[in-house]
Amino acid sequence: MVDLGRIVARNIRGERSRLGLTQEEFGKLVGWSLSQAHDAEKGNRRIHVQEIPLICRALQVTFADLCRGAAPDDLDSLGL
């Protein structure tokens with residue numbers, strides 16, 4: 001089973017790309033440096049709960065969108 005953090009990282013990368021944003025542009029929208037945005041997309045940076053709304057607004061998605069592809073048990077436990 002793939003780690004939920006890795007799934008969210010992959011979905012952030014995909015949604016950022018879909019919008020045509022660079023990592024630097026995305027980082028500025030959520031208050032991160034380029035290296036923080038890069039690390040988040042690689043799954044090497046833990047995303048804090050309070051950052052999730054900022055990420056969702058920047059990418060114009062819901063939290064459920066960021067969790068797309070997660071294990072059903074994980075989605076159930078999150079109420080998604």
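This structure is a prediction, so every number in the text was calculated from the model and none was measured. (Residues numbered from 1 in each chain as written. Predicted model: local features only at pLDDT ≥ 70, side-chain atom pairs only at ≥ 80, totals over all residues. Heavy atoms only, no water.)

1. Structural notes on the packing of helix α1 (residues 4-19) against helix α3 (residues 34-42)
- Where α1 meets α3, the axes come as close as 6 Å, and the angle between the chain directions of the two elements is 120 degrees. Here α3 runs oblique to α1, going by the angle between their axes. Together, Arg 6, Ala 9, Ile 12, Arg 13 and Arg 16 of α1 and Ala 40, Glu 41 and Lys 42 of α3 make up the contact between the two elements.
- Taken together, the residues that form the contact of α1 with α3 break down as three nonpolar, no polar and five charged. (Axes fitted to C-alpha atoms, helices over the stretch in contact; angles between N-to-C directions. Helix = DSSP H or I, 4+ residues; strand = E, 2+ residues; numbered from the N terminus. Parallel < 35°, antiparallel > 145°, perpendicular 65-115°, else oblique. Contact = heavy atoms within 4.5 Å. Nonpolar A, V, L, I, M, F, W, Y, C, P; charged D, E, K, R; others polar.)

2. Describing the nonpolar core
- Formed by 15 residues in total, the largest nonpolar core has its most connected members in Ile 12, Phe 26, Val 30, Trp 32, Ile 55, Leu 59 and Leu 66.
- Among the elements of the structure, α1, α2 (23-30), α3 and α4 (52-59) are those that each provide at least two residues to this core.
- Among the elements that take part in this core, α4 stands out by supplying four residues, more than any other.
- Excluding its chain neighbours within four sequence positions, the residues that come into contact with Ile 12 are Phe 26, Glu 41, Ile 47, Ile 55, Leu 59 and Leu 66. (Core = buried A, V, L, I, M, F, W, Y, C linked by side-chain atoms within 4.5 Å. Buried < 20%, exposed > 50% of the residue type's maximum accessible area, 1.4 Å probe, protein only.)

3. Details of the UniProt feature "domain: HTH cro/C1-type" (unreviewed entry) in the protein
- Here, the residues flagged by UniProt with the feature "domain: HTH cro/C1-type" (unreviewed entry) are residues 12-66.
- A helix fraction of 67% and a strand fraction of 0% characterise residues 12-66, whose end C-alpha atoms lie 7 Å from each other. (UniProt positions renumbered as here; feature names shortened; annotations may be inferred.)

4. Some points on the pattern of salt bridges
- For the coordinates displayed, the defined rule picks out five salt bridges.
- With its nearest N and O atoms 3.0 Å apart, the salt bridge here joins Glu 15 to Arg 68. Of this pair, Glu 15 sits in helix α1 while Arg 68 sits in the loop between α5 (63-66) and α6 (72-77), and the two are 53 residues apart along the sequence.
- The network of salt bridges with shared partners includes Glu 15, Arg 18, Asp 65 and Arg 68. (Salt bridge = Lys/Arg side-chain N within 4 Å of Asp/Glu carboxyl O.)

5. Some details on the packing of aromatic side chains
- Under the counting rule described, the total for this entry stands at one aromatic pair.
- Seen from their ring centres, Phe 26 and Trp 32 are 5.7 Å apart, and the 90 degrees between their planes marks the pair as edge-to-face.
- Given the relative accessible area of 0%, Phe 26 is considered buried.
- A relative accessible area of 7% means that Trp 32 is categorised as buried. (Phe/Tyr/Trp six-rings, centres within 6.5 Å; stacked < 30°, edge-to-face > 60°.)

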